[in-house]
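Structural features, examined
Residues per chain, in single letters:
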Protein chains: 2
Amino acid sequence: MSKKINDGCRDLTLRQTARFLKQHDNYIILTHASPDGDTLGSAYALYYALKEIEKRACVICPDVIPEKYGYFVTKTDHVSRGNATVVAVDVADKRLLGGLSEEFGDIVDLNIDHHISNVRFAKNLYLDANAAATAECMYELLALMKVNINDVTAKALYTGIATDTGCFKYSNVTAKTHIITAQLYEYNIDAPEINRLMFDTKSRRLLELERMVLDASEFHFDGKCIILPVTAEMQKKTGCSGTELEGIAVISRSVEGVVAGVTLKQTDDNEFKVSLRTYPPLDASKICKILGGGGHRTASGASVTGSLEEVKKAVLEAVESVMEEAYAGTSAAE
Amino acid sequence: MSKKINDGCRDLTLRQTARFLKQHDNYIILTHASPDGDTLGSAYALYYALKEIEKRACVICPDVIPEKYGYFVTKTDHVSRGNATVVAVDVADKRLLGGLSEEFGDIVDLNIDHHISNVRFAKNLYLDANAAATAECMYELLALMKVNINDVTAKALYTGIATDTGCFKYSNVTAKTHIITAQLYEYNIDAPEINRLMFDTKSRRLLELERMVLDASEFHFDGKCIILPVTAEMQKKTGCSGTELEGIAVISRSVEGVVAGVTLKQTDDNEFKVSLRTYPPLDASKICKILGGGGHRTASGASVTGSLEEVKKAVLEAVESVMEEAYAGTSAAE
């Protein structure tokens, strides 16, 4: 079943992947940088499974693991690089290994992933681009290997699936996602508590940032466009940074009637990162192209130089021109 | 299998319920007042199923059906009360029939429900208190009846399950919930769009209300308690009312470190409805009892007379006294 593309990366079937993992003894498991629930859940599920079959394994994450994953993260073995088999999970590109990229980027023996964008940087690859999460692949792999799944392994797998699907909300969910999840419910996973930690816990500083952003928000074009400015001052005052700021983009795409949700995150004295979420008929990538950026139809970005007022003006002009085109000749054009 | 409790309400098995529905020909299907996704989804799924087996059926909802359910709500038959079989779905108590209670409260022939609190007001009752949603029962019923499920029926059932579980987040979800959902994915349900409409669409006026509430919010007891005031003025200015205000209570229970989330909704010149959400070790019902109300360990309420400042003071005193008791002797007591 394995196909061979002449790029030095061998595609493995699930069965071959299972055999590979049984054949070796010392594993270094790598997650991607800015770790999320899927890369961590998949990595630790694999770790626990390898321990069940008496292998040595360690998990290495390029960045600090957020505390909220503490219910399945554990201290792993020490495995020296020399005789280790290196496995990356949920890592589409070696650059996503962040600080570990230089050391490990070119020596990954096996990559287990679900991103269609995987650039095939490892020696062996198990890729299921139809899987909603790498944790979904990992569950199937562990089931095929017939290794014992314990409650913590099940929690790690559930976390991966739940976080990568927005708790079963997104378009990557399939019947299989729900079937696997049903099987994880046979363990003591305490899903409500996991979901509370992952989805319903907001830091006080993020709440404070949201308050500031909402106070500064503006509607334009008859409510079709919302602008949410996240200035350097707001970031400094609240201490919010990095992935925490992603919550703001969620607001931008969830207001009724809005077809262009714009988040303006100040990245320097005179520079803003524009994040744009759109709904049909608006094409976000067209708008961001005007601003010198790019992306997908529904989510795009650009980096724009200028003061907040200048950047706002540039963004609004770009939105307006694409909007005029999109609504041309329709009754919603006014 | 049917047990008989001498209260005039006969418990039916799923098989008996299926037989009951095949035996009659003209149905009036009732939902509960302030309709949600589960009562509506279950009612319309039953309607479409009954149409498949050539029955006449109409759905009657005590209140206006929100527009967002338009993807499965349809115009139903006219069925006159005289010769109709009356079926209530997801209605735990005849009082929940709202404006229809007087006309239909005492003549419900069959009630299909999942609330453990069901007061057994109908002549026949199918109750599965382990089901996450009435729509879960409804799916099993339609499967047993072997009626054709079409895409719209599947959308209605998915809506019921997704909305009553907070999109698979809550503690009522079981393995069966996910198995049934996997089966619904075999139809063209467009779950991501349903979830966007149900969970990720916020009205502009609710966003505006959230902004005002956050501006007026206060933290107390070292961040363990948040107070979110929803004054009459805020409600009037934004036009938000009724179930729309429930979104505010969600904020109150999702801030990190908060164990007592208080929403104060002004209901009259000199009266506030207190909604309290707590986490262990705090018992919400104890706090609300002090305020003359009651409820559950994690969610309780009370109606308190006074100005905003007076009500705040009363609530904070009640929270403080229960907090002192709960943390007595622990290091978190300070």
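Structural notes, computed from the coordinates. Keep in mind that what you see is a predicted model, and the values were worked out from it rather than measured. (Residues numbered from 1 in each chain as written. Chains lettered and ligands numbered in written order. Predicted model: local features only at pLDDT ≥ 70, side-chain atom pairs only at ≥ 80, totals over all residues. Heavy atoms only, no water.)

1. Quick notes on the sheet that holds strand S2 (residues 26-30) of chain A
All names here are of chain A. Here six strands make up an open sheet; going across it, the order is S1-S6-S5-S4-S2-S3 and the pairing parallel. Two strands in the sheet have a free side with no partner beyond their single neighbour: strand S1 (10-11) and strand S3 (56-60). Examined bridge by bridge, S1 and strand S6 (residues 124-127) share two bridges and lie parallel to one another. Residue pairing for S6: Arg10 is matched across the bridge by Asn124. Most of the contacts of helix H1 (residues 14-23) go to strand S5 (residues 110-113), to which it runs at about 135°, and overall it touches S1, S2, strand S4 (85-89), S5 and S6. Each of S4, S5 and S6 touches helix H4 (residues 134-145); the most contacted strand, S5, lies at about 115° to it. (Pairing = 2+ DSSP bridges. Helix = DSSP H or I, 4+ residues; strand = E, 2+ residues; numbered from the N terminus. Contact = heavy atoms within 4.5 Å. Axes fitted to C-alpha atoms, helices over the stretch in contact; angles between N-to-C directions.)

2. Comments concerning the nonpolar core
The tendency in soluble globular proteins is for nonpolar side chains to be buried as a group. Among the nonpolar cores identified, the biggest contains 110 residues, and Tyr158 of chain A together with Leu21, Ile29 and Tyr158 of chain B are the most heavily contacted of them. Judged by nonpolar contacts, the second largest core, of 32 residues, contains Val255 of chain A together with Val213, Ile226 and Cys240 of chain B. (Core = buried A, V, L, I, M, F, W, Y, C linked by side-chain atoms within 4.5 Å. Buried < 20%, exposed > 50% of the residue type's maximum accessible area, 1.4 Å probe, protein only.)

3. What about the interface of chain A and chain B?
Facing 38 residues of chain A, the contacting portion of chain B comprises 38 residues. Interface area, chain A with chain B, both sides summed: about 3,400 Å², of which 63% is carbon and sulfur. Three residues stand out in chain A for area buried against chain B, namely Lys169, Asp200 and Arg204 of chain A, and they jointly supply 19% of the buried area on that side. Between Asp215 of chain B and Arg211 of chain A there is a salt bridge; the shortest N-O distance is 2.8 Å. Put simply, chain A and chain B have 11 residue pairs in polar contact (both at pLDDT 80 or more) between them. Secondary-structure elements contributing two or more residues to the side of chain A that touches chain B are helix H6 (175-184), helix H7 (191-199) and helix H8 (204-216) of chain A. (Buried area = accessible area lost by both parts, 1.4 Å probe. Salt bridge = Lys/Arg side-chain N within 4 Å of Asp/Glu carboxyl O. Polar contact = N/O pair within 3.5 Å; in protein donor to acceptor, adjacent residues only side chain to side chain.)

4. Quick look at the pairing of strand S9 (residues 260-268) of chain A
All names here are of chain A. Bridge count for strand S8 (residues 225-230) against S9 is six bridges, and the pairing is parallel. Counted as the bridge partner of Val230 is Lys265 from S9. The sheet contact formed by S9 and strand S10 (residues 271-278) spans eight bridges and is antiparallel. Looking across to S10, one finds that Val262 is bridged to Leu276.

5. What about the pattern of salt bridges?
Under the criterion given, the structure shown has 48 salt bridges over all chains. Note that Glu233 of chain A is salt-bridged to Lys237 of chain A, the shortest N-O span being 3.7 Å. Here Glu233 of chain A pairs with Lys237 of chain A, and both are found in helix H9 (residues 232-238), just four residues apart, close to one helical turn. A single burial state applies to Glu233 of chain A and to Lys237 of chain A, both of which are exposed. With a closest N to O distance of 3.7 Å, Arg81 of chain B and Glu103 of chain B form a salt bridge. Residue Arg81 of chain B is located in the loop between strand S3 (56-60) and strand S4 (85-89), and its partner Glu103 of chain B is located in helix H3 (residues 101-104); the two are separated by 22 residues in the primary sequence. You can call Glu103 of chain B partly exposed: its relative accessible area is 40%.

6. Some remarks on the relation of the copies chain A and chain B
What relates the two chain copies is a rotation about an axis together with a slide along it. For the pair chain A and chain B, the superposition axis carries a translation of 0.0 Å, the fit reaches an RMSD of 0.1 Å, and the rotation angle comes to 180°. Between the two chains, the operation in question is that of a two-fold axis. Of the C-alpha atoms belonging to chain A, the one lying closest to the rotation axis is found on His178 of chain A, 2.5 Å away. A high fraction, 100%, of the interface residues of chain A reappear at the interface in chain B, so the copies pair face to face through one surface. (Least-squares fit on C-alpha atoms with pLDDT ≥ 70 in both.)

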